[in-house]
Amino acid sequence: MSSTPPSPTASFLGRIPKVPFWAQILLGLVVGALLGWAAKSGDVSWLSTTLGKIGDLFVQLLMLVIAPLVFFAILVSITNLRNVSNAARLATRTLMWFMITSLIAVVIGLGIGLLTDPGAGTGLTAADGAEPKKHGSWLDFLTGIIPTDIVTPFTQLKVLQIVFMAVVVGIAILKTGEKAKPVLTLSHSVLELLQKALWWVIKLAPLGTLGLVGTAISTYGWNLLSKYATFTADIYVGCALVLFVVYPLLLAGVGKVNPLQFFRGAWPAIQLAFVSRSSVGTMPLTQKVTERLGVPREYASFAVPFGSTTKMDGCASIYPAIAAIFVAQVFDVPLEVKDYILIAFVSVIGSAATAGLTGATVMLTLTLSTLGLPMAGVGLLLAIDPIVDMMRTATNVAGQSVVPILVASREGILDREAYATADGSRLDDEPRVEAAPQPVAA
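Because the structure is a prediction, the values reported are computed rather than measured.

**Student:** Mind showing me how you'd approach the nonpolar core here?
**Tutor:** What tends to happen in soluble globular proteins is that the nonpolar side chains get buried as a cluster. Counting 116 residues, the largest nonpolar core has Phe231, Phe262, Leu381 and Ile405 as its most contacted members. Among the elements that line this core, the one with the most residues is helix α19 (residues 385-410), at 13 residues. If we ignore the near neighbours within four places in the chain, the residues touching leucine 381 are Tyr228, Phe231, Tyr319, Ala323, Phe326, Val327 and Leu364. Ala316, Val346, Met363 and Leu366 belong to the second largest nonpolar core, which has 6 residues in total.

Listed below in C-alpha cells is the structure:
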C-alpha cells in the first residue's frame with residue numbers, strides 16, 4: 001500500500017531552516033532600531049505611533065499575567081521544597097549567594113562611579129527632570145509588605161504584597177497536610193495555564209523588540225545620551241562586568257562548570273529580559289533555561305521565582321550605586337565613607353523593593369532617602385531610564401539563573417550532562433509545571 005506523497009508546499013516549508021529564537025530577537029532589535037531612526041530623522045509621526053503601539057501592546061500582554069503568575073509561582077515553589085532533600089539548607093544557601101553577588105555588584109558600581117564622576121560637568125539641574133510619582137522609604141518598604149486586603153495587591157500590582165500572601169498560603173498548605181491537596185493541585189494547574197499563556201506572549205518577543213527599541217530611538221534619539229553619556233556608559237560597563245566577568249568567574253571557580261555553556265543555554269532569557277525590561281515577565285523562560293542547564297526542577301521552581309522578585313544585581317546594586325554618586329555630584333553634595341557603606345547595605349538588604357518590575361525608581365528613592373540626597377535627582381534619571389533599564393534587567397535575569405546553578409553544583413544535585421548539552425535555541429516546547437503533586441506532609 002503506497003503512502004501519500006508530501007505536498008510541494010510541505011516539502012518546501014520543511015527545507016526552510018528554522019530561525020533560532022535569539023536570532024529572531026536580534027533581527028527585531030536591528031529592524032526596530034532602523035525604523036526608529038527613520039521615524040526620528042524623517043519626523044514620521046505615524047511610524048513612531050505604530051512602533052509605540054506595538055511595544056505597548058507587548059508590555060501590556062506581559063503585565064496582564066504578572067500578578068497571578070507571581071502568586072502561584074511563589075506558592076508552588078514553597079510547596080515544591082517538600083520534594084527536595086535539605087530544603088532549608090538549599091533555601092539558606094540560595095539567599096546567601098543572592099546577597100554575596102549583590103554585594104559584589106554594588107562594589108563594582110561604586111568603584112565605577114568613583115572613577116568616572118558620572119554627574120560632573122553635565123550642566124543638569126533639578127529643573128531638567130520631573131518629580132518621581134513613587135517614593136521609597138524603609139518604613140514604606142517594611143509596612144508595604146503586608147496588604148490591607150487581598151484584592152488591591154492584584155489590581156494595583158503590588159508585587160511584594162503578592163509575594164507575602166503567596167508565602168503565607170504556601171506555608172499554610174504545607175502545615176495543613178492532606179486536606180490541602182485539592183488546593184495544591186488546583187494551584188499547579190492554574191500555574192501551568194498561566195505559563196502556557198505567557199509563553200505565547202514570549203513567542204511575540206521579536207515583534208515586541210521591534211516596537212520597544214524603535215520607540216526608544218524615535219522618542220529619545222541619540223541626543224539624549226550626550227548629557228548622560230558617562231552615566232549610561234557606567235551602567236552598561238558595570239552590568240557587563242558582572243554579567244561577563246563576575247558570573248563566569250563564579251561559574252568556573254565555585255560551580256566548576258563551563259561559563260560559555262551557561263551563556264549558550266541561558267541566552268534566550270537574557271535577551272528577552274533586555275527587551276521586556278521585566279524580570280517577572282521573563283520568569284517562565286528563566287526557569288526553563290535554568291532547568292535545561294541541569295538544575296533540578298523542584299529546586300529551580302523555588303529559586304527562580306524568588307530570584308525574579310528579589311535578586312536584582314543590575315537594578316538594585318549597580319544602578320543605585322552609580323545613580324547615587326551621579327545625583328550627589330549634580331547637587332554638589334559630598335559623600336563620605338559611611339555613605340558608601342549605606343549604599344551597599346541598601347543594595348543587599350533592600351533589593352526586594354524593585355520587585356522584578358520594569359524600572360528601579362522605588363529602589364533609587366529608597367537609596368537617596370537613606371543617604372539624605374535630594375529626591376529631585378530621581379527626576380533627572382527618568383528620561384534615560386528606559387535605555388539603561390534594558391541592560392540592568394538582563395543582568396538581573398542572568399544572576400537569577402547563575403545562583404541556582406552555583407548552589408546546585410555545590411550541593412551535588414546539578415545534572416552536569418544536561419548542563420554540557422543545553423541549547424537555548426530550542427525553545428519550541430512550553431515550560432511545564434510539576435503536574436501531579438504528591439501528598440503533602442503535615
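**Student:** Is there a simple way to explain the state of the cysteines in this structure?
**Tutor:** Each disulfide is one covalent bond, formed between the sulfur atoms of two cysteines. Under the counting rule described, the total for this entry stands at 0 disulfides. Unpaired in terms of disulfides, cysteine 239 finds its nearest cysteine sulfur in cysteine 315, a separation of 8.0 Å. The buried category is assigned to cysteine 315, whose relative accessible area is 2%.

**Student:** I'm lost on the environment of valine 107 in this one. Help?
**Tutor:** Within the secondary structure, valine 107 is located in helix α5 (residues 87-116). Looking at valine 107, the relative accessible area reads 48%, which means it is partly exposed. On a C-alpha basis, the gap between valine 107 and alanine 344 in space is 7.3 Å, while along the polypeptide they are 237 residues apart.

**Student:** Honestly, a nonpolar patch on the surface in this entry has me stumped. Any pointers?
**Tutor:** Side chains of Val237, Leu241, Phe244, Val245, Leu249 and Trp267 sit close together on the surface and give an oily, nonpolar patch of about 520 Å² of accessible area. Here tryptophan 267 lies in helix α12 (residues 259-276).

The rules behind the values
Residues numbered from 1 in each chain as written. Predicted model: local features only at pLDDT ≥ 70, side-chain atom pairs only at ≥ 80, totals over all residues. Heavy atoms only, no water. Core = buried A, V, L, I, M, F, W, Y, C linked by side-chain atoms within 4.5 Å. Buried < 20%, exposed > 50% of the residue type's maximum accessible area, 1.4 Å probe, protein only. Helix = DSSP H or I, 4+ residues; strand = E, 2+ residues; numbered from the N terminus. Contact = heavy atoms within 4.5 Å. Disulfide = S-S within 2.5 Å. Patch = residues over 30% accessible without salt bridge, like charges linked within 9 Å, V, L, I, M, F, W, Y side chains within 5 Å. Areas by Shrake-Rupley, 256 points an atom, 1.4 Å probe, with all protein chains shown as cover. Salt bridge = Lys/Arg side-chain N within 4 Å of Asp/Glu carboxyl O.

Read these as layout, nothing more, since geometry by itself doesn't imply function.
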